[in-house]
Amino acid sequence: QDSAYVNLADWQGTGQDLKSDSLDVTFAAAGDFHLAAPSDTDVDLVYPKVPGVDTDIDGDARPNPSFAFAGADEGSETTAYPDYDIDEDFADDSDVVNWRSENEGWTSAAHADTVLRLTDSGWTFDARRTVKAMPNSFYKATARIKTGSFDTATSQFLYFGVDGLSAEPYQVSCISEDEFTTFTVVGYAENDEGSLYIFGQGASGADTVWVDEYTFENNFVPGANKISTVAEARQVPDGELVATQGIVTANTIGAPIFMQDENAGIALYDWDFIDDGVVEEGDEILVIGEADSYGGLKEISYTNEKYHVISKGNEVEPILITVPDLESRDYQGMLVMIEDIDTVAGEFAWPDAGSDATIPVMDADSNEFNLRIDKDGEMDGAAPPEKWPLILVGVVGEFFDGPQVLPRYMEDFITNYAPGPFTLLNPVHEDTITSLDDPAFADINIGTETIKTLFFNWTESIDPDEGDEVSYEVFINPEG
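Owing to the predicted nature of the structure, the values given are computational and were not obtained by experimental measurement.

Visitor: Please explain the overall build of the protein chain as it appears in this structure.
Guide: Of regular secondary structure, the protein chain possesses four helices and 32 strands. Taken over C-alpha atoms, the radius of gyration comes to 32 Å for the protein chain, far larger than the 23 Å a tight globule of 480 residues would show. By its C-alpha atoms, the protein chain is 105 × 65 × 60 Å across when sized along the principal axes. Here the protein chain, with 480 residues, has 41% of them falling under the buried criterion. The contacts of the protein chain with a sequence gap of at least 6 include a subset with a gap of at least 24, amounting to 63%. When the accessible surface of the protein chain is split by element, carbon and sulfur atoms take 48% of a total near 25,600 Å².

Shown next, in the form of structure tokens:
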């Protein structure tokens, strides 16, 4: 405030408008701010497109899905739009010059028989090339790779991925000894420039990677421009594009599968996505699709190949809820645990192999809900649980007539209850004893000596299903 700046660079020196540009523009006439030559074909006026703004002030189309001319008027030369896409098959050696190494040059690139040959003579393998993307969009990268000598030690690894476009890289393991395999990465671009890379650790001798072809597709899903939390994704109207990420909690019950983050869950419905076998329980995934609902269940559909496995082996602990909590729909799509579940007299019918079943069950207060066993899972035809009541674990679904709980496998029927809690009676829990004269001590005569003795009394821990060995633990802190 109250400061004069000579130019934009001077203003940007204060940390303001760091991504703004100052350019000379030719307009049609005084007071007519339509672009005129040469500005109407000036590539320097082309910027990433604002999502959803598909026409200019005159209603003329902004036809490129990724880029548009700055200002209210769209330019007249569509070939001025940048093309960040790459589709390289190494028919010649023209792309080799684009590859570099960031391990002090130990990884070299050469063209050999219509493939890119990457060779490394050190421990660290690193080959990469610059890629560009429209910020706040998704990209897809693929590479057909064959490796040599990356399977001789457990310490070896190799990744194909993209970094620099976002705070964290998106990558996949790409070891494929002696045969070409296509690897795919789907990621989100926060920045406009990064690196496509093949990086890892080889053996002490020469390691070789061959790349038969690779692609990079900018703005892979036009119209998708952010990664939402699962709770936000649940609020997206049906039919609109949505992207979110979370951990897969159920993939063994047919369709749909389920994923969740810390606060919400959602179903994923696409048979190609489910059947390809890549996504497993415990996978953290990024997924892009179309918001959808079926029978009251909020889903993401038409995911197809628009997903990426970020990490594997993640554990999700079920949330302890009550049967009335199901009616809130706050836990739809999440992994939950409900205690004291029993059958409803005369209505328990476990499905035969190849059959579905919706089984009414209830809690200790006779609150009923439906237990769902799907024939596309692994429990139809299995022996049903023999011991009721039990603890039930499952994902919360929905099907027209109300909420359902879908166990994933027989281990989700927990028939062995843990023993209940106990209460210290003497001394009282968290009491502080500061003197041997404290009433908690009693004098015990042993022979000719009197011994100060601290006695403990506690309530009994009740084992609901009996048969467990119960151990009691009491901790005494000498520091008080």
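Visitor: Would you take a moment to explain a negative patch on the surface for this structure?
Guide: Negative charge collects at one region of the surface, where Asp83, Asp85, Asp87, Asp89, Asp92, Asp93, Glu213 and Glu217 lie side by side. Locating Asp93 in the fold gives a position in the loop between strand S5 (86-88) and strand S6 (99-100).

Visitor: Would you take a moment to explain the nonpolar core for this structure?
Guide: One broad trend across soluble globular proteins is that nonpolar side chains are buried collectively. Core analysis: the biggest nonpolar cluster contains 40 residues, and Ile145, Phe160, Ile198, Val209 and Val211 have the highest contact counts within it. Once residues within four sequence positions are removed from consideration, Ile145 is found in contact with Phe160, Cys174, Ser176, Glu179, Phe180, Thr181, Phe183, Ile198, Val209, Trp210 and Val211. Counting 20 residues, the second largest nonpolar core, distinct from the first, contains Leu326, Val336, Ile359 and Val361.

Visitor: Please clarify how the pairing of strand S2 (residues 32-35) should be interpreted in this entry.
Guide: Successive residues of a regular strand alternate their side chains across the two faces of the sheet. By the bridge criterion, two bridges tie strand S1 (residues 27-29) to S2 in an arrangement that is antiparallel. Looking at the pairing, Ala29 lines up with Asp32 of S2. Following S1, the chain reverses through two residues before pairing antiparallel with S2; Gly31 in that reversal takes a positive phi of roughly 80°.

Visitor: Got a minute to help me understand the sheet that holds S6 in this structure?
Guide: Strand pairing in a sheet is mediated by backbone hydrogen bonds. Such pairs are either parallel or antiparallel. Across the sheet, five strands lie side by side as S6-S9-S14-S11-S12; this open sheet has antiparallel pairing. With one partner strand each, in any of the chains shown, S6 and strand S12 (170-173) form the two edges of the open sheet. Relative to strand S14 (residues 193-201), strand S11 (residues 157-163) runs antiparallel, the two being bridged by seven bridges. Pairing of Leu158 across the sheet is with Gly200, part of S14.

Visitor: Looking at this structure, I do not really get a nonpolar patch on the surface. What am I missing?
Guide: There is a patch of nonpolar side chains on the surface, built from Leu23, Val25, Phe27 and Phe33 and spanning about 350 Å² of accessible area. Within the fold, Leu23 resides in the loop between helix H1 (8-12) and S1. The partly exposed category is assigned to Leu23, whose relative accessible area is 38%.

Visitor: Where do I start with the side chain of Asp207 in this structure?
Guide: Mapped onto the secondary structure, Asp207 falls in strand S15 (residues 207-217). A polar contact is formed between the side chain of Asp207 and the side chain of Ser149, at a distance of 3.0 Å. In this structure, Asp207 is in contact with Leu118, Thr119, Asp120, Gly122, Phe125, Gly148, Ser149, Phe150, Gln156 and Gly202, ignoring residues within four places of it in sequence.

Visitor: What is the right way to look at the environment of Leu286 in this model?
Guide: Residue position: Leu286 is located in strand S19 (residues 284-294). Contact partners of Leu286, with chain neighbours within four places excluded, come to Phe138, Tyr170, Val186, Gly187, Ile227, Thr244, Gln245, Lys306, Tyr307, His308 and Ile310.

Visitor: In this structure, what is going on with the pairing of strand S27 (residues 403-406)? I would like to understand it.
Guide: The side-chain alternation of S27 yields two buried faces, one formed by Pro403 and Val405 and the other by Gln404 and Leu406. Two elements, strand S25 (residues 368-373) and S27, share two bridges in a ladder whose sense is parallel. Looking across to S27, one finds that Asn370 is bridged to Gln404. Count of turn residues in the strand S26 (residues 390-398)/S27 antiparallel hairpin: four residues, of which Phe400 carries a positive phi of about 55°.

Cut-offs and rules
Here the residue numbering is sequential within each chain, running from 1 through the sequence in written order. It should be noted that, the model being predicted, local features are given only for residues of pLDDT at least 70 and side-chain atom pairs only at 80 or more, the latter also being counted only at that level, while totals for whole chains, interfaces and linings use all residues. Heavy atoms throughout the structure, all of them, feed into the side-chain values; hydrogens and water do not. Working definition: helices are DSSP H or I runs of at least four residues, strands are E runs of at least two. Numbering for both runs from the N terminus. To get the radius of gyration, use the C-alpha atoms; to get the globule rule, take the number of residues to the power 0.38 and multiply by 2.2 Å. Categorising residues by exposure relies on relative accessible area from a 1.4 Å probe, with only protein chains included: less than 20% of the type maximum marks a residue as buried, more than 50% marks it as exposed, and the intermediate range marks it as partly exposed. Note on definitions: a residue-residue contact is assigned when non-hydrogen atoms from the two residues lie within 4.5 Å. Working definition of accessibility: Shrake-Rupley area with a 1.4 Å probe, residue cover restricted to the visible protein chains. To count toward a patch, a residue needs a relative accessible area over 30% and no salt bridge; like charges are then connected within 9 Å, while nonpolar side chains (Val, Leu, Ile, Met, Phe, Trp, Tyr) are connected within 5 Å. Salt bridges, as used here, are contacts in which a Lys or Arg side-chain nitrogen is within 4 Å of a carboxyl oxygen on Asp or Glu. Residues counted as positive are Lys and Arg, residues counted as negative are Asp and Glu, and His and the chain ends are not counted. Every charge is mapped onto a representative atom, which is NZ of Lys, CZ of Arg, CG of Asp or CD of Glu. For the purposes of this section, nonpolar cores are sets of buried Ala, Val, Leu, Ile, Met, Phe, Trp, Tyr and Cys residues that join through side-chain atoms within 4.5 Å. DSSP bridges decide pairing: two strands pair if at least two such bridges lie between them. N or O atoms within 3.5 Å of each other form a polar contact, as long as, within protein, one can give a hydrogen and the other can take it, and as long as residues adjacent in sequence are counted only when both atoms are side-chain atoms.

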